[in-house]
Amino acid sequence: ISSDPQRVARLGVPMMQGMQEYNIATAAKHFPGHGDTATDSHTGLPMVNKSYEELKELELVPFQAAVDNGVDMLMTAHIQYPQVETDTVTSKADGSEIYVPATLSDDIITGIVREDMGFDGVVVTDAMNMDAISTNFGESEAVIMAIQADVDICLMPTILRSKADMAKMDQIIADVKAALEDGTITEDMLNDSVKRILTLKEKRGILDYASDTRTWEEKLANANEQVGSDLNRDLEREISADAVTVVKNDDMVLPLNPKADEKVLLLGAYNNELPGMEIGMRRLISEGVLPENVQYESIRYNSSTTIDDLKSAIDSSDYVIVISEVGSASQLLMSSWLTRVPTEVVNYANETGKDSVVMSISKPYDVANYPDAKAVIAVYGNKGMDPTESLRPDAAYGPNIPAGIDVIFRGHEAEGELPVDVPVIVDHVMDTTQTAYPVGYGLDYNAPVSGIEVVLPESA
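Residues numbered from 1 in each chain as written. Predicted model: local features only at pLDDT ≥ 70, side-chain atom pairs only at ≥ 80, totals over all residues. Heavy atoms only, no water.

(A) The sheet that holds strand 10 (residues 355-360), seen in detail. Reading across from one edge, 6-11-10-9-7-8 is the order of the six strands in this open sheet, with mixed pairing throughout. Across the chains shown, the open sheet's two edge strands, defined by having one partner strand only, are strand 6 (245-249) and strand 8 (295-300). Pairs of neighbouring strands in the sheet enclose a mean axial angle of 20°, with direction left out of account. As paired elements, strand 10 and strand 11 (residues 375-378) share four bridges and run parallel to each other. Across the sheet, residue Val357 finds its bridge partner in strand 11, namely Ala375. (Pairing = 2+ DSSP bridges. Helix = DSSP H or I, 4+ residues; strand = E, 2+ residues; numbered from the N terminus. Axes fitted to C-alpha atoms, helices over the stretch in contact; angles between N-to-C directions.)

Now the structure itself:
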């Protein structure tokens, strides 16, 4: 949600409560925090070398807020915290000494979660078959350690791809029973976990399933009526547009205000991005925000696209909206077509006197990568949509691109704020020692204009 823990707590809690209002059990993850790692726990065992006090100042803030407001579950992280859990074990992968990760740590689960934070809900592990656990610990050993640490559910303790693989699950269960019999784990540990799980099931109505006499056809009809309903779509549109952030608006270019018969050029990096821009235009025309006879054209650019390929379309248009989708630092470079094409479009639009807007649709760090752009917005989501959708989508899709169109043309006010600090970018390279736009930054269309002196003659 953000790099600011207070903002994560402020937005995360109502998000959680909204799910719970519709009887969805919620899990806050990955405890005690996965945001400061350089290793993917699917493929390795990360380490966060922070003290408990440092964690309480940052990572644990939103978790504590979730606990205080009734979160149902916490999911653990497969991460080493050597300043918190100092116990080590010998890795089965290479024989090295590794710290016990949070998922298997009694100091973290019992000490921090249960005792310090006062959480008596369900603790569930991240998938135990991820490399961080599976390559360093035996399957049964990891499950037993998790139970000892006060974990309630060991998620995916092995990989099951066929019926034959069930033998592995049988072995894990047998080993847990043996650990119970020899006192490695106790019946009280298991009883505590069972009680927490059953309490959650009772809270969410799962234990009452037998009293629901509806047929599966009736249940399916009910689900189809609710999922993707008008209420869902209206809220989805509102929330997505609320988040759109205007980062740059030189010369008050935004909001664009095309007149009848003027033309808007929509440029996207992938085929499934174009329908999102098109549906945004169709909606605003149907709602009277844009004139009925406003023209628009959508074109996809790709790795082989040159500015010469686009000049004719830009020349014949009055306004240009170009998508920037950057997912890594290397894609900020001009050697990447994902940056090169939008940059060339902006430059040519400036040369020809066309108002242009860069729409950042993925990670928002590229908003500082277009110094010559007059207008830059961030919409955060990059999922496209089915090109057959009409005014109201009826399939799963990403609402962010249409939301960006809403804000560009003032079908919705500009209200969003950046969730992270955006570093300065010099010659398409990040300088993380400087901040171009701080967390919380965002322009709106109603801010008073300063620095203008109006002088009236006495005769007026």
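Still more to cover.
(B) Highlighting helix 4 (residues 106-116). Residues of helix 4 that are buried: Ile108, Ile109, Gly111, Ile112, Val113 and Arg114. In this structure, the buried residues of helix 4 make contact with strand 1 (27-31), helix 2 (52-57), helix 3 (60-68), strand 2 (73-76), strand 5 (122-124) and helix 8 (187-203). Among the residues of helix 4, the N-terminal cap falls to Ser105, whose side-chain oxygen and the backbone nitrogen of Asp107 are separated by 3.3 Å. Note on helix 4: the residue one or two positions beyond its end, Gly118, has a positive phi of about 70°. (Buried < 20%, exposed > 50% of the residue type's maximum accessible area, 1.4 Å probe, protein only. Contact = heavy atoms within 4.5 Å. Polar contact = N/O pair within 3.5 Å; in protein donor to acceptor, adjacent residues only side chain to side chain.)

(C) Up close: the side chain of Glu262. With respect to the helices and strands, Glu262 occurs in the loop between strand 6 and strand 7 (263-268). From its side chain, Glu262 meets the backbone nitrogen of Lys259 in a polar contact 2.7 Å long. Of the polar contacts made by the side chain of Glu262, one reaches the side chain of Tyr319; its length is 3.1 Å. For Glu262, the contacting residues outside a window of four places in its chain are Asn257, Val294, Gln295, Asp318 and Tyr319.

(D) Broad picture of the pattern of salt bridges. Counted under the stated rule, the structure contains 22 salt bridges. For Asp150, the salt bridge is made with Arg114, and the minimal N-O distance between the two is 3.5 Å. Here the residue Asp150 occupies a position in the loop between helix 6 (139-148) and helix 7 (166-181), and Arg114 occupies one in helix 4, the gap between them amounting to 36 residues. The pair formed by Asp150 and Arg114 is uniform in burial state, with each residue classed as buried. One salt bridge in this structure joins Arg114 and Asp152, with 2.7 Å as the shortest N-O distance. A residue pair is termed long-range when its members are at least 10 positions apart, and Arg114 in helix 4 and Asp152 in the loop between helix 6 and helix 7 qualify at 38 residues. Residue Asp152 is classed as buried on the basis of its relative accessible area of 10%. Each of Arg114, Asp120, Asp150, Asp152 and Arg196 takes part in salt bridges that share partners, so that together they form one network. (Salt bridge = Lys/Arg side-chain N within 4 Å of Asp/Glu carboxyl O.)

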